[in-house]
Amino acid sequence: MATLLRSKLSNVATSVSNKSQAKVSGMFARMGFQAATDEEAVGFAHCDDLDYEHRQGLQMDILKAEGEGEPGGDDSAESPVEGDIHYQRGDGAPLPPSGSKDQALGAGGEFGGQDKPKITAWEAGWNVTNAIQGMFVLGLPYAILHGGYLGLFLIIFAAVVCCYTGKILIACLYEENEDGEVVRVRDSYVAIANACCAPRFPTLGGRVVNVAQIIELVMTCILYVVVSGNLMYNSFPGLPVSQKSWSIIATAVLLPCAFLKNLKAVSKFSLLCTLAHFVINILVIAYCLSRARDWAWEKVKFYIDVKKFPISIGIIVFSYTSQIFLPSLEGNMQQPSEFHCMMNWTHIAACVLKGLFALVAYLTWADDTKEVITDNLPGSIRAVVNLFLVAKALLSYPLPFFAAVEVLEKSLFQEGSRAFFPACYAGDGRLKSWGLTLRCGLVVFTLLMAIYVPHFALLMGLTGSLTGAGLCFLLPSLFHLRLLWRKLLWHQVFFDVAIFVIGGICSVSGFIHSLEGLIEAYRTNAED
């Protein structure tokens with residue numbers, strides 16, 4: 001018993017000493033005598049955990065020893081030490097060593113992916129290309145209509161900024177451990193946001209990102225319904241079917257999405273849809289090139305429409321949004337060191353293709369350019385191209401819809417005692433009836449929005465200004481400054497601050513003008 005007490009008192013004294021040193025170091029760091037590091041904060045919290053576990057383990061071991069009698073031998077002095085953490089953790093799992101924080105998180109499944117197949121840089125680039133070269137490229141010529149050459153410059157500028165913010169967002173996933181090695185300590189955009197708001201508001205940042213993500217995903221679903229109704233209405237103008245009726249028909253086709261449990265069935269069509277979209281873009285460009293002798297170069301302006309141009313900014317920014325899934329993508333790459341190179345060539349390719357597509361399309365139709373550029377095509381070609389685009393939109397809808405449902409369920413229904421509502425799934429994994437009703441309600445909500453606000457460009461500009469600028473410009477630069485401030489060079493600080501300021505101005509002005517445009521369009525429709 002005496003040996004046991006001496007061992008415990010020695011452990012407690014060591015723990016208290018380490019804790020005191022950490023407190024003193026943190027106090028002097030806050031007073032400015034030493035630059036505090038994140039590793040010190042982690043070590044400080046680790047000392048608290050060890051101290052608490054030692055005290056609890058000591059009390060339990062003393063009670064156990066008194067109940068069983070005094071054991072003899074050397075083994076009895078060591079066995080309670082192994083039980084210190086057992087009393088704190090019901091599963092008996094030992095506390096991971098402080099030097100393997102990333103390994104512990106990975107083993108626990110938070111970072112996961114150890115047993116998952118990794119993707120190459122080319123496959124990762126294909127995913128990024130799909131995200132930033134999607135159907136919403138069709139709205140870029142409309143942005144050139146109101147922005148002229150400045151709109152072309154913004155396509156290039158947005159590509160450069162989004163590429164940079166994607167890189168600094170990934171940099172926020174990493175920290176140096178006590179050995180000076182750079183290790184991955186976070187796994188998602190939400191984890192980065194929570195780290196920035198800790199310790200006072202450890203979940204505030206994640207909730208802000210989740211809200212922005214849900215808004216962007218739901219608005220993407222609405223845009224797919226809007227563009228489907230718009231394309232079908234303009235493809236068959238002779239039929240006595242309005243655009244709203246086509247949107248209702250499209251939603252009826254999409255209603256089975258509420259029963260989705262995974263995207264395995266839909267993912268089979270993703271490659272075919274993407275290839276079809278590239279073919280459609282090539283067809284549009286080929287038609288425009290066939291009319292090159294009639295291009296209206298004089299219509300491309302150096303001045304801008306002050307009222308319409310902020311909407312163009314939102315359209316351009318929304319077409320580049322991919323930051324929300326970049327942490328997961330980088331974590332699943334075979335060679336994460338190739339991430340920067342992959343971001344460079346994907347955004348360069350996107351910049352070139354988007355710029356050429358927007359310019360040649362606007363030169364072809366000039367002031368007659370419509371919100372969805374395929375509506376400008378001749379009747380025979382327009383019907384075929386639009387049918388392909390409608391098929392792609394309908395097959396693309398389940399992806400953001402399923403992602404939005406997952407975020408909602410994880411945020412509101414799957415946080416244990418902190419959940420706002422009961423779980424959507426029964427014990428056997430089946431979806432409850434009210435959970436299915438919630439999903440159907442989300443599909444109907446996208447339909448109602450598409451019916452009452454059937455304006456593709458304005459909705460796209462509103463979403464890009466509200467969530468696109470926030471997720472692509474504001475938050476990455478802010479998180480980079482917050483988490484890596486002590487390691488940044490002066491030009492990195494300048495870039496981050498400049499992006500935050502410019503992004504904030506563009507976001508506010510674009511949101512206001514897009515909202516004004518929607519209100520004006522709604523009043524016009526009401527009068528008609």
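Nothing here was measured: the structure is a model prediction, and the numbers come from that model.

## With respect to the nonpolar core
Then comes step 1: With 117 residues, the main nonpolar core has Tyr320 and Tyr397 as its most contacted residues.
Then comes step 2: When residues no more than four places from it in sequence are discounted, the contact partners of Tyr320 are Ile132, Ile155, Ala158, Ala159, Cys162, His347, Ala350, Cys351 and Lys354.

## Topic: the packing of helix 6 (residues 140-171) against helix 12 (residues 309-318)
To describe two helices that pack against each other, one gives the angle between their axes and the distance between the axes.
Then comes step 1: As a packed pair, helix 6 and helix 12 sit with axes 9 Å apart at the nearest point and diverge in direction by 55 degrees. With respect to each other, helix 6 and helix 12 are oriented oblique. You can see that helix 6 and helix 12 cross each other, and the crossing is right-handed. The residues of helix 12 that touch helix 6, namely those facing Leu140, Tyr142, Ala143, His146, Gly147, Leu150, Gly151, Leu154, Ile155 and Ala158, are Phe309, Ser312, Ile313, Ile315 and Ile316.
Then comes step 2: By residue class, the composition of the contact of helix 6 with helix 12 is 11 nonpolar, four polar and no charged.

## Digging into a nonpolar patch on the surface
Then comes step 1: A cluster of nonpolar side chains, Leu478, Val497, Phe500, Val501 and Ile505, forms an exposed patch at the surface whose accessible area comes to about 420 Å².
Then comes step 2: In this structure, Val501 sits in helix 19 (residues 490-527).
Then comes step 3: We classify Val501 as partly exposed; its relative accessible area is 45%.

## A closer look at the packing of aromatic side chains
Then comes step 1: Under the counting rule described, the total for this entry stands at 10 aromatic pairs.
Then comes step 2: Aromatic side chains Phe153 and Phe157 sit 6.0 Å apart centroid to centroid with 20 degrees between the ring planes, which places their arrangement in the stacked category. Residue Phe153 and its partner Phe157 are located together in helix 6, separated by four residues, close to a single helical turn.
Then comes step 3: Cluster of aromatic residues (ring-pair linked, three or more members): Tyr164, Phe494 and Phe495.

## A word on the pattern of salt bridges
Then comes step 1: Going through the model one piece at a time under the given rule, you end up with three salt bridges.
Then comes step 2: Residues Glu330 and Arg184 are paired through a salt bridge, measuring 3.1 Å at the closest nitrogen-oxygen approach. Of this pair, Glu330 sits in helix 13 (residues 326-331) while Arg184 is found in strand 2 (residues 182-184), placing the two residues 146 residues apart along the sequence. Assigned by exposure class, Glu330 and Arg184 land together as buried.

## A few points about unusual backbone geometry
Then comes step 1: Cis rather than trans, the peptide bond between Ala198 and Pro199 has omega equal to 0 degrees.
Then comes step 2: Positive phi, normally seen in glycine, also occurs at Ala366, with a value near 50 degrees.
Then comes step 3: Along the chain, the position of Ala366 falls in the loop between helix 14 (339-365) and helix 15 (379-396).
Then comes step 4: Using a relative accessible area of 10% as the deciding quantity, one classes Ala366 as buried.

## Things to note about the environment of Val317
Then comes step 1: Relative to the elements of secondary structure, Val317 occurs in helix 12.
Then comes step 2: With 156 residues separating them along the chain, Val317 and Phe473 place their C-alpha atoms 9.3 Å apart.

## Let's talk about the side chain of Thr467
Then comes step 1: Position of Thr467 among the secondary structure elements: in helix 18 (residues 456-483).
Then comes step 2: At 3.2 Å, the side chain of Thr467 and the side chain of Glu216 are in polar contact.
Then comes step 3: Those residues in contact with Thr467 that lie beyond four places of it in its chain are Ala212, Ile215 and Glu216.

## Looking at helix 16 (residues 398-412)
Then comes step 1: In this model, helix 16 (15 residues) spans 21 Å end to end at C-alpha, consistent with the 21 Å of a helix rising 1.5 Å per residue.
Then comes step 2: Among the residues of helix 16, Pro398, Pro400, Phe401, Phe402, Ala404, Val405, Val407, Glu409 and Ser411 are the ones counted as buried.

## Structural notes on the environment of Lys244
Then comes step 1: Topologically, Lys244 is positioned in helix 9 (residues 243-254).
Then comes step 2: The sequence separation of Lys244 and Val225 amounts to 19 residues, and the corresponding C-alpha distance is 9.9 Å.

## Some words on helix 18
Then comes step 1: Across its 28 residues, helix 18 extends 37 Å between first and last C-alpha, which sits within 8% of the 40 Å expected from 1.5 Å per residue.
Then comes step 2: The largest bend in helix 18 comes to about 50 degrees, at Gly470.
Then comes step 3: Among the 28 residues in helix 18, 25 count as buried, and that is most of the element.

## Looking at the state of the cysteines
Then comes step 1: Counted by the stated rule, this structure contains zero disulfides.
Then comes step 2: The thiol of Cys172 is unpaired, and the distance to the nearest cysteine sulfur, on Cys196, comes to 6.3 Å.
Then comes step 3: Cys172 sits in the buried class, given a relative accessible area of 1%.
Then comes step 4: In this structure Cys472 is a free cysteine whose sulfur lies 4.5 Å from that of Cys162, the closest cysteine sulfur available.

## Focus: the packing of helix 5 (residues 121-132) against helix 14
Then comes step 1: Orientation of helix 5 relative to helix 14, taken along the N-to-C sense of each, is 35 degrees, at an axis distance of 9 Å. Crossing handedness for the pair helix 5 and helix 14: right-handed. Here helix 5 contributes Ala121, Trp122, Ala124, Gly125, Val128, Thr129 and Ile132 to the contact with helix 14, which in turn contributes Met342, Trp345, Thr346, His347, Ala350 and Lys354.
Then comes step 2: The residue makeup of the contact of helix 5 with helix 14, split by class, is eight nonpolar, four polar and one charged.

Definitions and cut-offs
- Residues numbered from 1 in each chain as written.
- Predicted model: local features only at pLDDT ≥ 70, side-chain atom pairs only at ≥ 80, totals over all residues.
- Heavy atoms only, no water.
- Core = buried A, V, L, I, M, F, W, Y, C linked by side-chain atoms within 4.5 Å.
- Buried < 20%, exposed > 50% of the residue type's maximum accessible area, 1.4 Å probe, protein only.
- Contact = heavy atoms within 4.5 Å.
- Axes fitted to C-alpha atoms, helices over the stretch in contact; angles between N-to-C directions.
- Helix = DSSP H or I, 4+ residues; strand = E, 2+ residues; numbered from the N terminus.
- Parallel < 35°, antiparallel > 145°, perpendicular 65-115°, else oblique.
- Left-handed = near helix turned anticlockwise from the far one by under 90°.
- Nonpolar A, V, L, I, M, F, W, Y, C, P; charged D, E, K, R; others polar.
- Patch = residues over 30% accessible without salt bridge, like charges linked within 9 Å, V, L, I, M, F, W, Y side chains within 5 Å.
- Areas by Shrake-Rupley, 256 points an atom, 1.4 Å probe, with all protein chains shown as cover.
- Salt bridge = Lys/Arg side-chain N within 4 Å of Asp/Glu carboxyl O.
- Phe/Tyr/Trp six-rings, centres within 6.5 Å; stacked < 30°, edge-to-face > 60°.
- Polar contact = N/O pair within 3.5 Å; in protein donor to acceptor, adjacent residues only side chain to side chain.
- Expected span 1.5 Å × (residues − 1).
- Bend = angle between axes of the 7 residues up to and from the residue.
- Disulfide = S-S within 2.5 Å.

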